[in-house]
Amino acid sequence: MLATRIPRWRAVALATATVLVGLSAPALTATPAAATTTAYDSTYYKNAIGKSGTSLKSALHTIITPQTKLSYSAVWEALKVTDQDPNNSNNVKLLYSGISRSKSLNGGNSGNWNREHVWAQSHGDFGTSAGPGTDLHHLRPEDVSVNSIRGNKDFDNGGSSFTNSGGSLTDSNSFEPRDAVKGDVARMILYMAVRYEGDDSWPNLEPNDAVTNGSVPYHGRLSVLKAWNDEDPPDAFEERRNQLIYTNYQGNRNPFIDHPEWVEAIW
């Protein structure tokens, strides 16, 4: 499990907030969104800058909702680009296991990789139709057996290892991804909660603090996801992936990769 620490982006954001509002110690909740190092603050995110709470969530929903929707079959080829192993262009990097596997081994058999829905399909029953079921911002390649072990479990700390786990753990009602992608998972779940608000024929997806969500359109555990977002800030792989989805496929971004401090500002 990761050690608790304040990542560089939060330290900078909090120090900046202190100077701006003249406080001796910044609040750690509902911090107003502020420009960081992203190149999109004056354009793509301009209507979100300076907001917090429900106002920020609403603004981001409006910003990221317009998108090109892929078919589920098109997701195969897209993942070969977005999740290419930076050390081997013939392979993709699997999310939970961390395994590098040949791009050609996509399918449903043992030894293959398939399309993992990080926000489990059953949590809202949206299936694989174009929309949340094909949204690349939460679809990642994973080993078929590992995908099955994760199933539709909510995310939480704890559990036992398993074959090809890569450091991920699972128990009867939850799944803990390996340390290197904990923040990735958190930011994917929270992207889905902002993008899908029930106003475009899809369910209103929301995070909560439960691990027994089953078929309701909720995903947990929010308190743990927030901690993972802090402990595992966006890395080059995640940032590259976000950019490729924006420029090559969907035309929208995951705002929590560009501004991870917005997680705390909203929740």
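Residues numbered from 1 in each chain as written. Predicted model: local features only at pLDDT ≥ 70, side-chain atom pairs only at ≥ 80, totals over all residues. Heavy atoms only, no water.

You'll find the protein entered in an unreviewed UniProt entry as Endonuclease, with Streptomyces cinnabarinus given as the organism.

## A short note on the overall build of the protein
Within the protein, the regular secondary structure consists of nine helices and 10 strands. Partitioning the contacts of the protein with sequence separation of at least 6, the portion at a separation of at least 24 is 64%. As presented, the protein carries roughly 10900 Å² of accessible surface, and 52% of it is formed by carbon and sulfur atoms. (Helix = DSSP H or I, 4+ residues; strand = E, 2+ residues; numbered from the N terminus. Contact = heavy atoms within 4.5 Å. Areas by Shrake-Rupley, 256 points an atom, 1.4 Å probe, with all protein chains shown as cover.)

## Quick notes on the pattern of salt bridges
Counting across every chain of the model gives 14 salt bridges. Between Glu77 and Lys80 there is a salt bridge; the shortest N-O distance is 3.1 Å. Here Lys80 and Glu77 lie together in helix 3 (residues 72-82), a separation of three residues that amounts to about one turn. Taking relative accessible area as the criterion, Glu77 reaches 48% and is therefore assigned partly exposed. Here Lys182 makes a salt bridge to Glu176, at a shortest N to O gap of 2.9 Å. For Lys182, a relative accessible area of 1% corresponds to the buried category. (Salt bridge = Lys/Arg side-chain N within 4 Å of Asp/Glu carboxyl O. Buried < 20%, exposed > 50% of the residue type's maximum accessible area, 1.4 Å probe, protein only.)

## So, the pairing of strand 2 (residues 88-93)
Where strand 1 (residues 84-85) lies against strand 2, two bridges are found, and the strand directions are antiparallel. Of the residues in strand 2, the one forming a bridge with Asp85 is Asn88. Hairpin connection of strand 1 to strand 2: two residues between the antiparallel strands. Sheet topology note: the strand 2/strand 3 (residues 100-102) ladder contains three bridges and is antiparallel. (Pairing = 2+ DSSP bridges.)

## So, the sheet that holds strand 7 (residues 169-170)
Taken together, three strands build an open sheet; the order of strands is 6-8-7 and the sheet is mixed. Both outer strands of the open sheet, strand 6 (154-155) and strand 7, are each paired with one neighbouring strand and no more. Sheet topology note: the strand 7/strand 8 (residues 174-176) ladder contains two bridges and is antiparallel. Considered in strand 8, the bridge of Leu169 is made with Glu176.

## Re the packing of helix 5 (residues 182-195) against helix 6 (residues 222-231)
At their nearest, the axes of helix 5 and helix 6 sit 7 Å apart, and the two run at 125 degrees to each other. In terms of axis orientation, helix 5 runs oblique to helix 6. You can see that helix 5 and helix 6 cross each other, and the crossing is left-handed. Every residue of helix 6 that contacts helix 5 at Lys182, Gly183, Val185, Ala186, Arg187, Ile189 and Leu190 is listed here: Leu222, Leu225, Trp228 and Asn229. Here the residues of the contact of helix 5 with helix 6 sort into seven nonpolar, two polar and two charged. (Axes fitted to C-alpha atoms, helices over the stretch in contact; angles between N-to-C directions. Parallel < 35°, antiparallel > 145°, perpendicular 65-115°, else oblique. Left-handed = near helix turned anticlockwise from the far one by under 90°. Nonpolar A, V, L, I, M, F, W, Y, C, P; charged D, E, K, R; others polar.)

## A few points about the sheet that holds strand 3
With antiparallel pairing, the three strands of this open sheet are ordered in space as 1-2-3. Because the sheet does not close on itself, it has two edges, and the strands there are strand 1 and strand 3.

## Re helix 6
Of all 10 residues that make up helix 6, eight are buried, and the element is covered over most of its length. Where helix 6 is concerned, the buried positions are Leu222, Val224, Leu225, Lys226, Trp228, Asn229, Asp230 and Glu231.

## Here we look at the layout of surface pockets
Volume-wise, the second largest pocket comes out at about 170 Å³. Lining of the second largest pocket is provided by Pro86, Lys93, Leu94, Leu95, Arg140, Arg178, Ala180, Val181, Asp184, Asp235 and Phe237. In terms of residue class, the lining of the second largest pocket is made up of six nonpolar, no polar and five charged. (1 Å grid on protein atoms, 1.4 Å probe; cavity = no way out; pocket = protein on both sides within 12 Å on 5 of 7 lines; lining within 4 Å. Points joined across faces, edges and corners; volume = space filled by probe spheres on them.)

## A word on helix 2 (residues 53-64)
In this model helix 2 runs 17 Å from its N-terminal to its C-terminal C-alpha over 12 residues, within 8% of the 16 Å that 1.5 Å per residue would give. Every buried residue of helix 2 is listed here: Gly53, Leu56, Lys57, Ala59, Leu60, His61, Ile63 and Ile64. (Expected span 1.5 Å × (residues − 1).)

## Looking at the side chain of Asn208
Inspection of the secondary structure assignment puts Asn208 in the loop between strand 9 (206-207) and strand 10 (218-219). Of the polar contacts made by the side chain of Asn208, one reaches the backbone nitrogen of Ala210; its length is 3.3 Å. (Polar contact = N/O pair within 3.5 Å; in protein donor to acceptor, adjacent residues only side chain to side chain.)

## Topic: the packing of aromatic side chains
Here the structure, examined in full by the defined rule, presents 10 aromatic pairs. Between the aromatic rings of Tyr45 and Trp262, the centroid separation amounts to 5.3 Å while the plane-to-plane angle is 85 degrees, which identifies the pairing as edge-to-face. Placement of the pair is Tyr45 in the loop between helix 1 (8-21) and helix 2 and Trp262 in helix 9 (residues 262-266), with a sequence separation of 217 residues. Residue Tyr45 shares its accessibility class with Trp262, and that shared class is buried. Following the ring pairs from residue to residue traces out a cluster consisting of Tyr40, Tyr44, Tyr45, Tyr246 and Trp262. Its end group placed over the ring of Tyr72, Arg115 keeps NZ or CZ at 3.6 Å from the ring centre. The aromatic ring of Tyr246 is capped on one face by Arg253, whose charged end is 4.9 Å from the ring centroid. (Phe/Tyr/Trp six-rings, centres within 6.5 Å; stacked < 30°, edge-to-face > 60°. Lys NZ or Arg CZ within 6 Å of the ring centre and 35° of its normal.)

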